[in-house]
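Here is what each chain is made of, one letter per residue.
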Amino acid sequence: MFEKLSNLIEGRLAGPLEKLSNQRHLRAIRDGIIATLPLIIVSSLLMVIAFSYNQMPESWAIRQVIQDNAVAILLPYRMSMYIMTLYAVFGIGYSLAKSYDLDGLSGAIMAELTFLLTVVPVSIPDVTESISALASKNAELNTFLNSLPSGYVIPA
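Residues numbered from 1 in each chain as written. Predicted model: local features only at pLDDT ≥ 70, side-chain atom pairs only at ≥ 80, totals over all residues. Heavy atoms only, no water.

As a further point, take the overall build of the protein chain. The secondary structure content of the protein chain amounts to nine helices and two strands. Starting at the N terminus and ending at the C terminus, the protein chain contains elements arranged as α-α-α-α-α-α-α-β-α-α-β. Here the C-alpha atoms of the protein chain give a radius of gyration of 25 Å, more than 25% beyond the 15 Å that 2.2 N^0.38 yields for 156 residues. The contacts in the protein chain between residues at least 6 apart in sequence include a share of 56% that link residues at least 24 apart. (Helix = DSSP H or I, 4+ residues; strand = E, 2+ residues; numbered from the N terminus. Rg over C-alpha atoms; globule rule 2.2 N^0.38 Å. Contact = heavy atoms within 4.5 Å.)

Here it is as structure tokens:
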């Protein structure tokens, strides 16, 4: 049974699937995603380190160090994983431009620009009158509200 299935796949599907895998746009997507793998591996290792203190005996001194600094250890993870799409788009644009024998950097920059033009910015909500009234009575809240940005942001 398995041999029949294997022969069917090798005999009839291997040729069309090989052509499909060599299609330049799909190959560019594959290469762009593969280009992000080093970032994924390094940032994932940092995440493993940040949460490894749960598996360590309490007598180990490194456990407390990791637990106290977990937020700082996770910062590179967040900085890389939260904008992974930008890395992938850059790699896809670079690979596709190279497949057309064009300048890879220009293709990557154009891909980034095109991606960012498709992202719809979101307006930061204004502070309501009731929150402003509360802030007038609380100096900490007032300082916090004054430090908030206004305008549009790109949603994560």
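With respect to the helices and strands, Leu148 occurs in the loop between helix H9 (139–147) and strand S2 (152–153). Assessed through its relative accessible area of 39%, Leu148 is described here as partly exposed. In this structure, the C-alpha to C-alpha distance between Leu148 and Gly107, residues 41 residues apart in sequence, is 36 Å. (Buried < 20%, exposed > 50% of the residue type's maximum accessible area, 1.4 Å probe, protein only.)

Moving on, we come to the side chain of Ser95. Positionally, Ser95 belongs in helix H6 (residues 84–99). You can call Ser95 buried: its relative accessible area is 14%. Of note is the side chain of Ser95, whose polar atom sits 3.2 Å from the side chain of Asp31. (Polar contact = N/O pair within 3.5 Å; in protein donor to acceptor, adjacent residues only side chain to side chain.)

A few words on the layout of surface pockets. Estimated volume of the largest pocket: approximately 190 Å³. Tyr82, Ile83, Met84, Thr85, Leu86, Phe115, Leu116, Val119, Ile154, Pro155 and Ala156 together form the lining of the largest pocket. Of all the secondary-structure elements, those providing two or more residues to the lining of the largest pocket are H6 and helix H7 (104–118). Sorting elements by how many residues they give to the lining of the largest pocket places H6 first, with three residues. By residue class, the composition of the lining of the largest pocket is ten nonpolar, one polar and no charged. (1 Å grid on protein atoms, 1.4 Å probe; cavity = no way out; pocket = protein on both sides within 12 Å on 5 of 7 lines; lining within 4 Å. Points joined across faces, edges and corners; volume = space filled by probe spheres on them. Nonpolar A, V, L, I, M, F, W, Y, C, P; charged D, E, K, R; others polar.)

Once that is clear, we can look at the nonpolar core. Ala50, Tyr53, Met56, Ile66, Ile73, Leu74 and Tyr77 together form the largest nonpolar core, which totals seven residues. Residue contributions to this core peak at three residues, all from helix H5 (residues 70–81). Excluding anything up to four places from it in sequence, Tyr53 contacts Arg63, Ile66 and Gln67. (Core = buried A, V, L, I, M, F, W, Y, C linked by side-chain atoms within 4.5 Å.)

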